[in-house]
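Here is what each chain is made of, one letter per residue.
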Amino acid sequence: MEDILISVAAKIVEYTVSPVFHQAQYICCFKDFVEKFQNVKRELESTQENVKERVKEATNRIEEIQPTVEKWLKDVENVLKEVQETEKKILEISESCFKKRCKYFLAKKIEREIENMTRLKRDSNFELFSRIIELPGMKYYSSKNFVLFKSIEQIYNELLEALKDNSVCMIGLVGMGGSGKTTLAKEVGKKVEEFKIFDKVVMVIVSETPKIRSIQDEIAEKLDFKLEKESDDVRAQRLSQRLSIGTTLIILDDVWEKLDFEVLGIPLNENNKGCRVLITTRKIEVCTSMQCQSIIELKILTNEEAWTLFTSHAEIVDESPYALKVVARQIVNECKGLPIAIVTVGSTLRGKSIVEWKSALSRLKDSKPLAIPKGVRSPHACLQLSYNNLTDILARSLFLLCSVFPEDHEIDLENLFRFGWGRGLFKTFGTMEKARKELCVAINTLKGSCLLLHVDDYRVKMHDMLRDVALCITFEMNEPILASNVVDPRILVEDDTIKDKRVISLWDLKNGQLLNDDHFNISSTLEILVLQSHNDHLELSSVFQRLKMLKILALFTQDDYTWYLRYPLRTLSLPYSMGSLKNLRTLCLRGYKLGNIFILESLQTLEIIDLRGSSFEELPNGIIALKKLKLLDLCICEIEKNNPYEVIGRCLQLEELHLGIESPYIMGVWPNSFFSRLKRYFISTKTDLDPRYFTVDILSKHRPSRALYMNSLDVLAKMNDLFLRAEYLYLQNLQGGYKNIIPSMDPKGMSQLMFLILQDCGEIECLFDNVDMLETELVFSSLVILGLDNLYNLQEVFRDPSSQCFLKDLQVMRIINCQQLYNISFPRNSKLCKLKEIIIRNCPKLTCLFTPSVSQTLDLLEVLKIYGCSELKHIIEEVSSPNHTSLPLSKLRTLEIVNCDRLEYLFPICLAPALTSLDNLEISDNHKLKYVYGSEKEHNISVQTNIHINWPNLDYVCLRSLPDLIAICPEDSRPYLPKLAWLELVKCPRLSNFSVQKTVIDLDLQDTKTMEKEIPWLLFAAKLDHLCDQMLCAELQNFYLIELGVEGLFQFQMGELGSNKKLLVPLNLSLTVVHLESLPHLKFIWNGPTNFLNLQLLGSVRVHDCPKLKTIFSPTVVRSLPMLRWLFISNCEELEQIFDSGDVQELKSLYTCSQQKCFPKLDVIRVERCNKLKFLFYNFVAGHFSGLRILVVEECSQLEKVFAFECEIDGDGQEGTDMDEGQVPLENLEIIILSSFPNFKEIHHQFKLKDHVQQIIKDCPKYSPSLYLYPDM
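Residues numbered from 1 in each chain as written. Predicted model: local features only at pLDDT ≥ 70, side-chain atom pairs only at ≥ 80, totals over all residues. Heavy atoms only, no water.

Trainee: Lay out the overall build of the protein chain with the relevant residues and their values.
Mentor: If you tally the helices and strands in the protein chain, you get 27 helices and 62 strands. Counting over 1273 residues, the protein chain shows a buried share of 53%. For the protein chain, the exposed area adds up to about 58,200 Å²; of that, 49% sits on carbon and sulfur atoms. (Helix = DSSP H or I, 4+ residues; strand = E, 2+ residues; numbered from the N terminus. Buried < 20%, exposed > 50% of the residue type's maximum accessible area, 1.4 Å probe, protein only. Areas by Shrake-Rupley, 256 points an atom, 1.4 Å probe, with all protein chains shown as cover.)

Below, the structure is given as structure tokens:
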């Protein structure tokens, strides 16, 4: 009980005494509160200063302050403001005797503020104070100097598409130094970053000597990620882990060698995750070694693009002086489209005087670098970097040697090889064959490094800026080169530097006479002398006596490596001083009439003699003694006397022989020892090679290393070894009684043969006859081109029941004038997967080309031309139950079928959708052809419906003289031809007899784009037997219809009948020529809403022999012909109006508006034999024909007036007199011819001809010329 009382008493004290005591503290301990208040305030202020200092430091480190820190500072600032107010009140209380009640309330406020300050101090221990600010990434790079030129736009789009393709993880952008690779890569990076294709885009410069750790650190920094100073392997793994998070594009710029991504720590995109890489490089081998799935090459700018870029940097405007712009154009030409050169030179010359501009032009023409200001990158230094990084010594030497050729020259690799051999560049490789292989490797290295530009497989080009760099390098190496184009050698007398040159190369010499030794100060150390001149006569001086070190002497009349003789030859006499050239290795004398060449016997060091395209008296016996001679080129030569074949046959030291001579002597049998040493040869018994011939084209384009061009020769008896090793065979009038090539001439299959041309070989019955079953399976396994011409007994090309001939490399086949050929008989297992071109002409017994199985392999066929095969029934053999596993001919571009009278259709219907690449279709003079696609049986099967035919590239269609043609496509098909520009239909009278459809347009068309999107086709037909199912695109330009049965051409119906919908925008067509002839049923050309069609480009209209046509131009088009220039109409018996103007009321505004002329360009009108035509132009004032120059109207028996109006009043016609008020009617008329009009009264109301107008008006009894003349004003 006692305990309970104590407990109760304690509670009473707790709830009564304690609160009273606590409240009393606010008064009794007020000073203590104030002291604590001041201490806490000082601590908070100190903490605030520390936090502000940390903020300053973080800001200097470009870090972003966390929002919690910023809020804390704001809260502290607010609290300290309140504290300042409290301090004022404390001061007021201490200075006055205030009631204790005020202290009480102030103490309570102090306590609350102490708690707030204490809490803020406690909250100053932030978990995260600041973070590194995210850098702008690719946005950092400026775009002010980037111009998306048309040539660059394609590359730009290719890069974007490759980066959007998740299956491509490595992309290479290749281009020569200074071509703009880095700039383009930055722009592409910015775009993919903007599109958010990647989470992160990082660009790093690699440079010539990549530093792995630096590259890693830069990538990590840009990813807000830090790599520690750990081992290389650990760093790579950490970076790889980071790059595997999300998606990242890494742009590695300026890569010179293969990078090991494992060492770098870059994980490639696997399963569409992780990292993808875009590299920029000057070397294509870098892309291949790094296994880039997409390699994109950046080309140089076009001339106009280069000019635009240059003017922007040089600040050239329209108002700039003309003289300055002329010099500027020349400077731009010297830069040859290289962006770094254009930008650098333009920026350097900006604001300079015309004198400085001319000086710069002079230096550029002389291949001397400009003085570039500091801070501006020199294009020469940039380009030389590529040369410096070449490790291949031969590639370096060949690069410098290329500077011998003139600017913009297409360097033939054969010339480069012969010069290089003479210079001694290949001396370590032994034979010429090995040297040629090394040449190919070195050239590929140079092209891969963008130091040479690819022209074709046998020619390259050198950019002019790179050529300048090469010339500078040779100068620094103390081997200076004088290489010039279009120069008179006499000016070299004034050039003191000529004595220092090691190489002189002068092209297109203005003067063919070289100066004598006293004036022509050539150095005795000269090693190469190249002179090219078109002059009729070239004289060589005695200067050769001093050129003891000369290794290469080349004198050309043409600047290319020709395969045919060019007349007339220029005269060149070889001086005796040439005998002093004791170190001469390569001698080229091309296209000259040389006369006596015995001086060559004394040149014992000669290794190459090249007399291509020249003539001379005889081939000296002494060349047999030239033990170092390896290459002899007597191609297309004329030799006047002695037997050259005997001399050549004894030159056993030769490795290469190019022989095609015109000589009265017959080729004898050469010893086997001569054959065995020859590694390369071209031997021809003909010199009259015409460049237009197919055979010469092959030689020029393919350059076979072993070729025979034989006429009237038993080639096996003469040169069996060369025949069996040949890559190219041209055999004309083959002798020896051979009925086939294999096995009669070579039972081993001729697996090395690439080009086979047979002409006038009357005994050949087939190429390959495998009746006896050859042991080898390599039959024509390398054959690329096959040409058969005038083989009168050829029955089959291949007799191969066992299918040993696969023809896997065959690309071109031409068969011409083989009268007995009834079947090509492709082996049944043929794989014609590389065949691109087939031309067959005048093979009247040929019945079929391909079996269905062979046709399935024609994956790359681009050209199919068949002419004059009168028995041809099928292109692809018809089978009873077709099983088309795939659709061949998808690459076919050109299809021409002419004079094949038994052919009823071209291809089965199933192939119609396959020809998506077709751009040229010509079918003519096939008298039984009914369908282009599908046999008659196929067209009668009802299940063949709704076939989608897509011909997106077809731009030319010509169907001519096809009297039985019923349809081009199946009835229910919908052909799509967006690019059709030329349509010619001639003499196809049955083409109208198939189902009729029309195009119904029911759209609210607001703009041209909508129209083009919704109506890509125009249907020809409308109602009855109009030409239907032939859709036209708006690109159609040339439109020819001759001898067809059509009743109407263009008809458009807008919406449902009676619809009042308004067409806001006309449909634009690109027609430029319309030619309509012999269309006996044609009733209308254009039919549709007024002003619906817009024919802004139509320039010529010819309508002839269309007896049912009543109007030429309907209201649909009459006011949309601003470019119409020629109008010819004849033999249209029912023609009532040429121009149907429509409602007269609609034309009132047109009459009064002089600025709106319907036919401002119409120049010539000729109308003949249209006997229902009363008025040439009805309801049109003459002012609409302001450009009319010639008007000819003849034999139109009902014609009364040229111009007439519905509103004219009988009698004086006063109402029509104002029609041309303010206009001079027919002001440009020069010639008018009016003939045979019994009812003709006048040209135009009150119209008068000027005196200068040439007029012929006859047989017009009602016309009085004197009333219509007025003096010329």
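And the narrative resumes.
Trainee: How would you explain the environment of I764 if you had to name every residue and give the values?
Mentor: By the element assignment, I764 lies in the loop between β26 (755-759) and β27 (768-769). A relative accessible area of 1% means that I764 is categorised as buried. Put simply, I764 and Y792 are 28 residues apart on the chain and 8.1 Å apart in space, counted from C-alpha to C-alpha. Contact partners of I764, with chain neighbours within four places excluded, come to Y738, K739, N740, I741, N793 and L794. (Contact = heavy atoms within 4.5 Å.)

Trainee: Describe in detail the pairing of strand β12 (residues 503-507), supporting the description with residues and values.
Mentor: Among the 5 residues of β12, 5 are classified as buried, and the element is accordingly described as predominantly covered. Burial along β12 is two-sided: the face carrying V503, S505 and W507 and the face carrying I504 and L506 are both buried. Inspection of the sheet shows strand β11 (residues 481-485) paired to β12 by 5 bridges, in the parallel sense. When the sheet's bridge partners are listed, L482 is paired in β12 with I504. Summarising the sheet, β12 and strand β13 (residues 528-532) pair through 4 bridges and their orientation is parallel. Each residue of the ladder has a partner; that of I504, found in β13, is L529. (Pairing = 2+ DSSP bridges.)

Trainee: Hey, could you go over the pattern of salt bridges for me, with residue numbers and the actual values?
Mentor: Counted under the stated rule, the structure contains 46 salt bridges. A salt bridge links R799 to E765; the nearest nitrogen and oxygen atoms lie 4.0 Å apart. Highlighted residues: R799 in strand β29 (residues 798-799) and E765 in the loop between β26 and β27, separated in sequence by 34 residues. E765 gets classed as partly exposed once you look at its relative accessible area, which sits at 21%. (Salt bridge = Lys/Arg side-chain N within 4 Å of Asp/Glu carboxyl O.)

Trainee: Please provide a residue-by-residue account of the pairing of strand β33 (residues 863-867), values included.
Mentor: Here β33 lies mainly inside the structure; 4 of its 5 residues are buried. Relative to strand β35 (residues 894-898), β33 runs parallel, the two being bridged by 5 bridges. Note that in β35 the partner of K865 across the bridge is E896.

Trainee: Got a sec to walk through the packing of aromatic side chains? Specific residues and values, please.
Mentor: Within the structure shown, the criterion is met by 19 aromatic pairs. Between F826 and F850, the ring centres sit 5.7 Å apart and the planes meet at 15 degrees, which makes this aromatic pair stacked. Linking F826 in the loop between β30 (812-816) and β31 (837-841) with F850 in strand β32 (residues 848-850), this pair joins segments that are 24 residues apart in sequence. With respect to burial, F826 and F850 carry one shared label: buried. Through successive ring pairs, a cluster of aromatic residues spans F682, Y709, Y728, Y730 and F755. (Phe/Tyr/Trp six-rings, centres within 6.5 Å; stacked < 30°, edge-to-face > 60°.)

Trainee: Go over the nonpolar core, please, and point to the residues and values.
Mentor: The biggest cluster of nonpolar side chains holds 209 residues, and the ones touching the most others in it are F780, I875, F907, F1113 and I1138. With 5 residues, helix α23 (residues 715-725) is the single largest residue contributor to this core. When near neighbours in sequence (up to four residues on either side) are disregarded, F780 contacts I742, G749, M750, L753, L756, L767, F768, F798, C805 and L807. Listed in part, the 119 residues of the second largest apolar core include M170, L243, C287 and W307. (Core = buried A, V, L, I, M, F, W, Y, C linked by side-chain atoms within 4.5 Å.)

Trainee: Can you tell me about the sheet that holds strand β10 (residues 459-461), naming the residues and giving the values?
Mentor: Taken together, 3 strands build an open sheet; the order of strands is β8-β10-β9 and the sheet is antiparallel. The open sheet is flanked by β8 (410-412) and β9 (453-456), the only strands paired with a single partner. The sheet shows a mean angle of 35 degrees between the axes of neighbouring strands, direction not considered. The sheet contact formed by β9 and β10 spans 3 bridges and is antiparallel. Among the inter-strand pairings, L453 is bridged to a residue of β10, identified as K461. Packed onto the sheet, helix α17 (residues 413-423) meets β8 and β10 and runs at close to 60 degrees relative to β8. (Axes fitted to C-alpha atoms, helices over the stretch in contact; angles between N-to-C directions.)

Trainee: Explain the confidence of the model for the protein chain to me, using residue names and the numbers behind them.
Mentor: Per-residue confidence for the protein chain gives a mean pLDDT of 78; residues scoring 70 or more make up 77%. Averaged over each element, pLDDT in the protein chain is lowest for strand β43 (residues 1000-1001) (28) and highest for β33 (96). Segment residues 1149-1154 is flagged for pLDDT under 50; beyond a separation of four residues in sequence, or across chains, it makes 12 contacts in the model. (pLDDT = per-residue confidence, 0-100.)

Trainee: Kindly report on the environment of A554, identifying the contributing residues and their values.
Mentor: Tracing the sequence through the fold places A554 in strand β15 (residues 552-556). It is 6.3 Å that separates the C-alpha atoms of A554 and L531, two residues lying 23 residues apart in sequence.

Trainee: So what's going on with helix α12 (residues 322-335)? Residues and values would help.
Mentor: Compared with the 20 Å implied by 1.5 Å per residue over 14 residues, the 20 Å span of α12 between its first and last C-alpha is a close match. For α12, the full list of buried residues reads L324, V327, A328, I331, V332, E334 and C335. One side of α12 holds all its buried residues, which, seen down the axis, span an arc of 150 degrees. Within two residues after α12, K336 carries a phi angle of roughly 55 degrees, on the positive side. (Expected span 1.5 Å × (residues − 1). Arc of directions from axis to C-beta.)

Trainee: Report on the packing of helix α7 (residues 212-222) against helix α8 (residues 232-243), specifying residues and quantitative values.
Mentor: Packing of α7 against α8 leaves a shortest axis separation of 11 Å and a crossing angle of 30 degrees. Put simply, α7 runs roughly parallel to α8. Like other packed secondary-structure pairs, α7 and α8 cross with a definite hand, here left-handed. Residues R213, Q216, D217 and I219 of α7 form the contact with α8, whose own contacting residues are D232, R235, A236, L239 and L243. Within the contact of α7 with α8, the residues separate by chemical class into 4 nonpolar, 1 polar and 4 charged. (Parallel < 35°, antiparallel > 145°, perpendicular 65-115°, else oblique. Left-handed = near helix turned anticlockwise from the far one by under 90°. Nonpolar A, V, L, I, M, F, W, Y, C, P; charged D, E, K, R; others polar.)

Trainee: So what's going on with unusual backbone geometry? Which residues, and what values?
Mentor: Put simply, I742 and P743 share a cis peptide bond, and its omega is 15 degrees. Within the element layout of this structure, P743 appears in the loop between β25 (728-732) and β26. Of note in the backbone geometry, R703 takes a positive phi value of approximately 45 degrees without being a glycine.

Trainee: Describe in detail the state of the cysteines, supporting the description with residues and values.
Mentor: For the structure shown, the criterion picks out 0 disulfides. The thiol sulfur of C275 is not disulfide-bonded, and the nearest other cysteine sulfur, from C169, lies at 9.2 Å. Owing to a relative accessible area of 0%, C275 belongs among the buried residues under this scheme. The closest cysteine sulfur to the non-disulfide-bonded C958 is located on C988, 8.5 Å from its own sulfur. (Disulfide = S-S within 2.5 Å.)

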